[in-house]
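One-letter residues, chain by chain:
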Amino acid sequence: NIYDFFAGPGSDKTGIKGTPLLILDELEAYLETIDEKQLNVNLYFNEFDTNKCEELKQKVGNYNLDNKPYNIEFDSLDFKEAFNKKGLSMAKPNVANLVFLDQNGIRHISEEVFKYLIDIKRTDFLFFISSSTIKRFCDHPNIIQHINLSIEEVEKKPYHQIHRLILDYYQSLIPANKELYLAPFSLKKGANVYGLIFGSSHVLGIEKFLTTCWKLDPERGEANFDIDNDNIQEGQFDMFSGELHKPKKVEIFETELAEKIINQTLKTDKEIYLFTITNGFLPSHAKVVIKSLVD
């Protein structure tokens with residue numbers, strides 16, 4: 001099941017495709033596999049604005065979907081109503097879910113919705129948060145009501161790092177014994193910063209997301225801008241060490257990983273792998289540290 005609860009009209013005014021059309025594009029490569037494995041693929045597109053919903057239907061209709069091996073359902077409902085309507089189908093046994101929550105604001109991804117999503121097996125989700133809105137209006141009742149962040153903490157954080165604070169908040173809602181992985185990516189557009197948070201119930205799901213993040217941001221794997229203000233130029237060497245400059249985030253990870261291996265906090269490949277992934281890095285980053293220790 002693929003759910004988009006804030007589907008939009010299909011594309012923006014400049015013709016850039018929205019999630020529903022991107023989903024249809026991506027499915028093309030898997031049509032043979034879907035057919036061979038006799039999978040039932042269900043697409044659910046919900047757009048509250050009825051005019052935008054009609055526009056979306058027309059654009060989807062241009063895809064010539066006759067005889068394609070998936071079902072498409074459209075709705076024009078309030079998010080809560082749509083989420084409640086599809087909640088049981090998400091939780092059925094022997095299904096896998098991908099859920100998109102590209103909300104306008106922050107009020108829909110409540111603690112209740114988040115906890116419901118992380119309790120469903122075989123479910124990945126991607127949701128959007130306006131970091132700039134939270135920074136500007138952190139003391140507003142509507143913000144406090146939906147996301148329980150410390151006003152003091154928000155005020156201390158630079159606006160471009162608010163997304164990390166939000167990630168920590170959602171991380172705190174995950175029970176200690178729960179296998180659920182989260183990773184962020186921040187997007188700067190003009191003066192505003194927006195955040196994506198991806199969640200997966202399987203470590204390979206989060207590794208795939210992180211692989212994409214590191215392709216987009218080879219320095220930190222976290223943003224489409226210099227989120228830590230490291231001001232590193234490609235190929236720039238340190239004057240004193242003679243080594244290539246590394247972002248602070250990478251240096252901290254390498255130091256912590258080396259210490260945990262040396263003091264035997266991490267004893268196995270699996271423990272090192274999980275530590276690496278949960279800190280937002282890839283196995284290739286851990287290999288650099290291990291090779292250095294071996295040398």
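Everything below is about the structure printed above this text.
Residues numbered from 1 in each chain as written. Predicted model: local features only at pLDDT ≥ 70, side-chain atom pairs only at ≥ 80, totals over all residues. Heavy atoms only, no water.

Peer 1: Would you explain unusual backbone geometry in this entry?
Peer 2: Most peptide bonds are trans, and most residues other than glycine sit at a negative phi. Even without a glycine there, the phi angle at Asn 67 is positive, about 65°. The residue Asn 67 is located in the loop between α3 (50-61) and β3 (70-75) in this model. Judged by its relative accessible area of 83%, Asn 67 is exposed. Positive phi, normally seen in glycine, also occurs at Gln 264, with a value near 65°. In this fold, Gln 264 is placed in the loop between α11 (248-262) and α12 (269-278). (Helix = DSSP H or I, 4+ residues; strand = E, 2+ residues; numbered from the N terminus. Buried < 20%, exposed > 50% of the residue type's maximum accessible area, 1.4 Å probe, protein only.)

Peer 1: Teacher, can you tell me more about the nonpolar core here?
Peer 2: Across soluble globular proteins, nonpolar side chains have a tendency to be buried as a group. Phe 5, Leu 101, Phe 114, Phe 125, Phe 127, Tyr 170 and Leu 182 are the most contacted members of the largest nonpolar core, which has 29 residues in total. When contributions to this core are tallied by element, the ones reaching two or more residues are α4 (79-90), β4 (97-101), α5 (111-119), β5 (123-129) and α9 (162-172). Those residues in contact with Phe 114 that sit more than four places away from it in its chain are Phe 125, Phe 127, Tyr 170, Leu 173, Ile 174 and Leu 182. Tyr 181, Ala 183, Val 203 and Trp 214 belong to the second largest nonpolar core, which has 22 residues in total. (Core = buried A, V, L, I, M, F, W, Y, C linked by side-chain atoms within 4.5 Å. Contact = heavy atoms within 4.5 Å.)

Peer 1: I keep staring at the packing of α12 against helix α13 (residues 283-294) and nothing clicks. Help me out?
Peer 2: Helix-helix packing is characterised by the crossing angle of the two axes and by the distance between the axes. In contact at an axis separation of 9 Å, α12 and α13 are set at 120° when each is read in the N-to-C sense. Looking at the two axes, α12 sits oblique to α13. Once α12 is placed against α13, the crossing between them reads as right-handed. Every residue of α13 that contacts α12 at Ile 272, Tyr 273, Thr 276 and Ile 277 is listed here: Pro 283, Ala 286 and Ile 290. When the residues that make up the contact of α12 with α13 are grouped by side-chain class, the tally is 6 nonpolar, 1 polar and no charged. (Axes fitted to C-alpha atoms, helices over the stretch in contact; angles between N-to-C directions. Parallel < 35°, antiparallel > 145°, perpendicular 65-115°, else oblique. Left-handed = near helix turned anticlockwise from the far one by under 90°. Nonpolar A, V, L, I, M, F, W, Y, C, P; charged D, E, K, R; others polar.)

Peer 1: What should I look at first to understand α3 in this one?
Peer 2: Owing to its 3.6 residues per turn, the α-helix aligns residues three or four sequence positions apart on the same side. Spanning 12 residues, α3 covers 16 Å between terminal C-alpha atoms, matching the ideal 16 Å at 1.5 Å per step. Turning to α3, its buried residues are Cys 53, Leu 56, Lys 59 and Val 60. Axial view of α3: buried residues confined to an arc of 125°, hence all on one face. Exposed residues lying more than 90 degrees from the buried face of α3 are Asn 51, Gln 58 and Gly 61. (Expected span 1.5 Å × (residues − 1). Arc of directions from axis to C-beta.)

Peer 1: I'm lost on the pairing of strand β2 (residues 41-46) in this one. Help?
Peer 2: Looking along a regular strand, one sees the side chains alternate between the two faces of the sheet. Burial runs high along β2: 5 of the 6 residues are buried. Inspection of the sheet shows strand β1 (residues 2-4) paired to β2 by 3 bridges, in the parallel sense. From the neighbouring strand, Tyr 3 faces β2, where its bridge partner is Tyr 44. Note that β2 and β3 share 6 bridges and pair parallel. By the bridge assignment for β3, Leu 43 is matched with Ile 72. A crossover connection joins β2 to the parallel β3 through α3; in handedness this β-α-β unit is right-handed. (Pairing = 2+ DSSP bridges. Right-handed = clockwise from strand over helix to strand, strands pointing away.)

Peer 1: Sorry, what's going on with the sheet that holds β4 here?
Peer 2: The strands that make up a sheet are held in pairs by hydrogen bonds between backbone atoms, and each pair lies either parallel or antiparallel. Pairing within the open sheet is mixed, and its 7 strands lie in the order β3-β2-β1-β4-β5-β7-β6. Among the strands making up the open sheet, the edge pair consists of β3 and β6 (181-189). Put simply, the sheet's adjacent strands are angled 10° from each other on average, direction ignored. Summarising the sheet, β5 and strand β7 (residues 192-200) pair through 6 bridges and their orientation is antiparallel. Its bridge partner being in β7, Ile 129 is matched across the sheet by Gly 195. Where α3 meets the sheet, its contacts fall on β2 and β3, and the angle it forms with β3 comes to roughly 160°.

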